[in-house]
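Overview (structure and organization)
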Amino acid sequence: MECVVYRCAKQAEMYLYLRADMAPAELPEMLRKRTGMLTQVMELTLSADRRLARAKVETVMQQLADQGFYLQLPPNGLISENLHFGD
């Protein structure tokens with residue numbers, strides 16, 4: 001499964017995995033507001049035998065198949081409180 005990984009501007013260490021056949025503009029509006037500007041950081045080919053640093057590849061692949069994206073939150077719950085309220 002091919003995907004593109006983006007860094008989210010609104011939160012340090014938050015990344016969005018997007019199915020390769022989708023564009024960021026196709027994401028739900030609320031998600032786009034919470035992530036802010038997206039900067040592409042890499043393209044990946046996911047498979048069951050690939051390891052990811054902070055997520056289970058099976059979970060990422062399932063969410064990509066179901067909804068087209070997977071949002072990887074920062075480690076240890078270090079989420080900025082402003083992220084919950086938007087701009």
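You'll find the structure just up there.
Each chain has its residues counted from 1, following the order in which its sequence is written. At least 70 in pLDDT is required for a residue's local features to be given in this predicted model, at least 80 for side-chain atom pairs to be given and counted, and no such filter applies to totals for whole chains, interfaces and linings, which use all residues. Hydrogens and water are ignored here; the side-chain numbers use all heavy atoms of the structure.

1. A look at the sheet that holds strand 3 (residues 38-45)
We apply this condition: Between any two strands, pairing holds if DSSP finds at least two bridges. What counts as a helix is a DSSP run of H or I of at least four residues, what counts as a strand is a run of E of at least two, and both are numbered from the N terminus. Angular values range over 0 to 180 degrees, each being the angle between N-to-C directions of two axes fitted as lines to C-alpha atoms, with helices fitted over their stretch in contact. Residues are treated as being in contact if the distance between any of their heavy atoms lies within 4.5 Å.
Taking strand neighbours across the sheet as the criterion, the four strands line up as 3-1-2-4 in an open arrangement whose pairing is antiparallel. In the strand order of this sheet, the two ends are held by strand 3 and strand 4 (69-72), each with one partner. Strand-to-strand, the axes of this sheet are offset by a mean angle of 20°, without reference to chain direction. Here strand 1 (residues 2-8) pairs with strand 3 via seven bridges, running antiparallel. Opposite Cys3, over in strand 3, you have Leu44 as the bridge partner. Contacts from helix 2 (residues 57-67) reach strand 1, strand 2 (15-19) and strand 4 within the one sheet, and its direction differs from that of strand 4 by about 135°.

2. Considering the pattern of salt bridges
Note the following rule: When a carboxyl oxygen of Asp or Glu is within 4 Å of a side-chain nitrogen of Lys or Arg, the pair counts as a salt bridge. When accessible area is computed with a 1.4 Å probe and restricted to protein chains, residues below 20% of their type maximum are described as buried, those above 50% as exposed, and intermediate ones as partly exposed.
Taken as a whole, this structure holds three salt bridges when the rule is applied. A salt bridge links Glu13 to Arg54; the nearest nitrogen and oxygen atoms lie 2.8 Å apart. In this pair, Glu13 is assigned in the loop between strand 1 and strand 2 and Arg54 in the loop between strand 3 and helix 2, connecting sequence segments 41 residues apart. A relative accessible area of 44% means that Arg54 is categorised as partly exposed. The partner of Asp21 in a salt bridge is Arg19, and the shortest N-O contact between them spans 2.7 Å. Owing to a relative accessible area of 25%, Arg19 belongs among the partly exposed residues under this scheme.

3. As for unusual backbone geometry
We note that Glu13 has phi near 65°; this positive angle belongs to a residue other than glycine. By relative accessible area, which is 36% here, Glu13 ends up partly exposed.

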